Amino acid sequence: MTDMSYLDGNMLDGPLRELFAVDLSGATGRCESCGTVGPMAGLHVFSHAPGLIGRCPACSEVMLRLVRAPDRAWLDLRGSTYLQVPLPMDQPYPRPL
Amino acid sequence: MVSDPTPRWYDCRVGIVSPGFQGRPRSAEPALPPGQYLTEDFPVLSAGPTPRVPLDTWEFVVSAEGGAEYRWSWNELMGLPQEAPTVDLHCVTRWSKLGTNWQGVSLDTLLEGIDTAARYALVHSYGGYTTNLPLDDLRGGRAWVAHGYDGGPLPAEHGGPARLLVPHLYLWKSAKWVRGIRLLVDDKPGFWETAGYHDYGDPWREQRYQGD
Ligand SMILES: [Zn+2]
């Protein structure tokens with residue numbers, strides 16, 4: 001297996017849909033390590049591993065770890081500063097107090 | 001209701017799954033840890049790109065809890081007493097591979113003469129991977145820095161130039177591309193241990209995930 005052994009972040013759609021009500025396929029993330037902002041679909045995902053590892057396409061640091069047990073899942077986002085999730089305009093939303 | 005106990009986000013069935021297992025009578029089939037299947041392949045698992053570490057810059061560093069560092073270059077590692085363990089491998093993704101042949105240096109040799117009261121070890125690798133285990137599990141002829149496999153140099157995809165080999169624990173503890181070990185007074189969980197996997201990882205007690 002070579003350095004090209006990763007998949008693109010689109011493969012995260014299904015696994016993340018299992019955890020979240022919102023669709024994260026259109027989300028944007030910021031790399032904690034290098035500050036690059038980009039689509040989740042742009043992550044390099046290593047899947048031949050005990051979990052899924054999403055790495056920054058710019059600096060290759062780990063931005064996301066996803067571990068699935070039969071009855072539980074862990075999502076580790078310590079390498080991501082934020083996830084920006086697109087939401088529809090026409091829905092009420094909580095405003096800052 | 002879980003119909004398939006296998007984590008489904010990756011395909012761990014890289015190897016041959018054959019209950020018939022040609023070549024050996026059923027009565028001679030060895031016992032496997034619970035939940036494991038036998039493979040003849042050597043599946044490649046990796047959390048990232050394969051690091052390429054030139055031997056002339058490779059080093060292995062043990063740092064004691066007080067800050068003292070003990071370093072070995074590649075040539076110094078080769079100058080230490082060499083062992084050739086034959087061991088069984090058990091990966092948490094459920095494959096087991098039996099009777100694998102390695103060449104390397106025992107951690108007993110490397111830790112000899114290092115003055116420490118630490119009870120824990122945090123192993124770190126070229127490429128950034130980490131994993132933790134009790135220091136005692138690196139002692140007693142149970143752990144090696146392995147640089148050879150099946151009579152040849154350890155291929156990079158399997159962790160070469162050198163990897164940790166701790167076969168009595170799940171294989172994620174046998175860090176590929178090993179670079180050093182920090183001896184710690186307090187346990188510090190590593191890459192997978194902070195993301196749901198078990199802190200110790202004994203395959204015979206099926207310690208896969210936290211709380212198992
Ligand atoms: Zn980055």
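It should be noted that the structure appears before, not after, this text.
Residues numbered from 1 in each chain as written. Chains lettered and ligands numbered in written order. Predicted model: local features only at pLDDT ≥ 70, side-chain atom pairs only at ≥ 80, totals over all residues. Heavy atoms only, no water.

1. Description of the nonpolar core
Item 1. Judged by nonpolar contacts, the single largest core of 48 residues is most densely connected at B:Phe60, B:Leu107, B:Leu138, B:Leu183 and B:Trp192.
Item 2. When contributions to this core are tallied by element, the ones reaching two or more residues are strand 6 (62-68) of chain A together with strand 2 (59-63), helix 1 (74-78), helix 2 (107-111), strand 6 (120-125) and strand 11 (178-184) of chain B.
Item 3. In contact with B:Leu183, not counting residues within four places along its chain, are B:Val62, B:Ser63, B:Ala64, B:Glu65, B:Leu111, B:Ile114, B:Thr116, B:Ala118, B:Tyr120 and B:Leu135.
Item 4. Of all hydrophobic cores here, the second largest spans 14 residues; its members include B:Phe42, B:Leu45, B:Cys91 and B:Ala146. (Core = buried A, V, L, I, M, F, W, Y, C linked by side-chain atoms within 4.5 Å. Buried < 20%, exposed > 50% of the residue type's maximum accessible area, 1.4 Å probe, protein only. Helix = DSSP H or I, 4+ residues; strand = E, 2+ residues; numbered from the N terminus. Contact = heavy atoms within 4.5 Å.)

2. Some points on the coordination of the zinc ion
Residues and elements named next belong to chain A.
Item 1. In the first shell of the zinc ion, the protein supplies Cys 31 (SG), Cys 34 (SG), Cys 56 (SG) and Cys 59 (SG), at 2.3 to 2.4 Å from the metal.
Item 2. Looking at Cys 56, the relative accessible area reads 2%, which means it is buried.
Item 3. For Cys 59, a relative accessible area of 25% gives the class partly exposed. (Donors = N, O, S within 2.8 Å, 3.2 Å for Na, K, Ca; no water.)

3. Remarks on the interface of chain A and chain B
Item 1. Taken residue by residue, the interface counts 27 residues in chain A and 27 residues in chain B.
Item 2. Counting the surface lost from both chain A and chain B, the interface buries some 2600 Å², and carbon and sulfur atoms represent 61% of this.
Item 3. Across the contact surface, chain A and chain B share one salt bridge.
Item 4. Between B:Asp212 and A:Arg72 there is a salt bridge, with the nearest N and O atoms lying 3.6 Å from each other.
Item 5. Remark: the boundary between chain A and chain B carries seven residue pairs in polar contact (both at pLDDT 80 or more).
Item 6. Of all the secondary structure elements, the ones that give two or more residues to the side of chain A that touches chain B are strand 5 (52-55), strand 6 and strand 7 (73-76) of chain A.
Item 7. The element that contributes the greatest number of residues to the side of chain A that touches chain B is strand 6 of chain A, accounting for five residues.
Item 8. When its residues are assigned to classes, the side of chain A that touches chain B shows 16 nonpolar, three polar and eight charged. (Buried area = accessible area lost by both parts, 1.4 Å probe. Salt bridge = Lys/Arg side-chain N within 4 Å of Asp/Glu carboxyl O. Polar contact = N/O pair within 3.5 Å; in protein donor to acceptor, adjacent residues only side chain to side chain. Nonpolar A, V, L, I, M, F, W, Y, C, P; charged D, E, K, R; others polar.)

4. Describing the pairing of strand 7 (residues 130-134) of chain B
Residues and elements named next belong to chain B.
Item 1. Relative to strand 7, strand 6 is paired through five bridges, and the arrangement is antiparallel. The partner of Leu 122 across the bridge, within strand 7, is Asn 132.
Item 2. Where strand 6 folds back onto strand 7 in an antiparallel hairpin, the turn is made up of four residues, including Gly 127, whose phi is positive at roughly 100°. (Pairing = 2+ DSSP bridges.)

5. Re the sheet that holds strand 3 (residues 37-39) of chain A
All names here are of chain A.
Item 1. On the basis of which strands lie adjacent, the open sheet formed by three strands has the order 3-2-8 and antiparallel pairing. At either end of the open sheet lies a strand with only one pairing partner, and these are strand 3 and strand 8 (80-84). Each strand axis lies, on average, 25° off the axis of its neighbour in the sheet, ignoring direction.
Item 2. Of the strand pairs in this sheet, strand 2 (residues 28-31) and strand 3 are connected by three bridges, and their pairing is antiparallel. Residue pairing across strands places Arg 30 opposite Val 37, the latter belonging to strand 3. (Axes fitted to C-alpha atoms, helices over the stretch in contact; angles between N-to-C directions.)

Bear in mind that shape data such as this cannot, by itself, settle questions of function.
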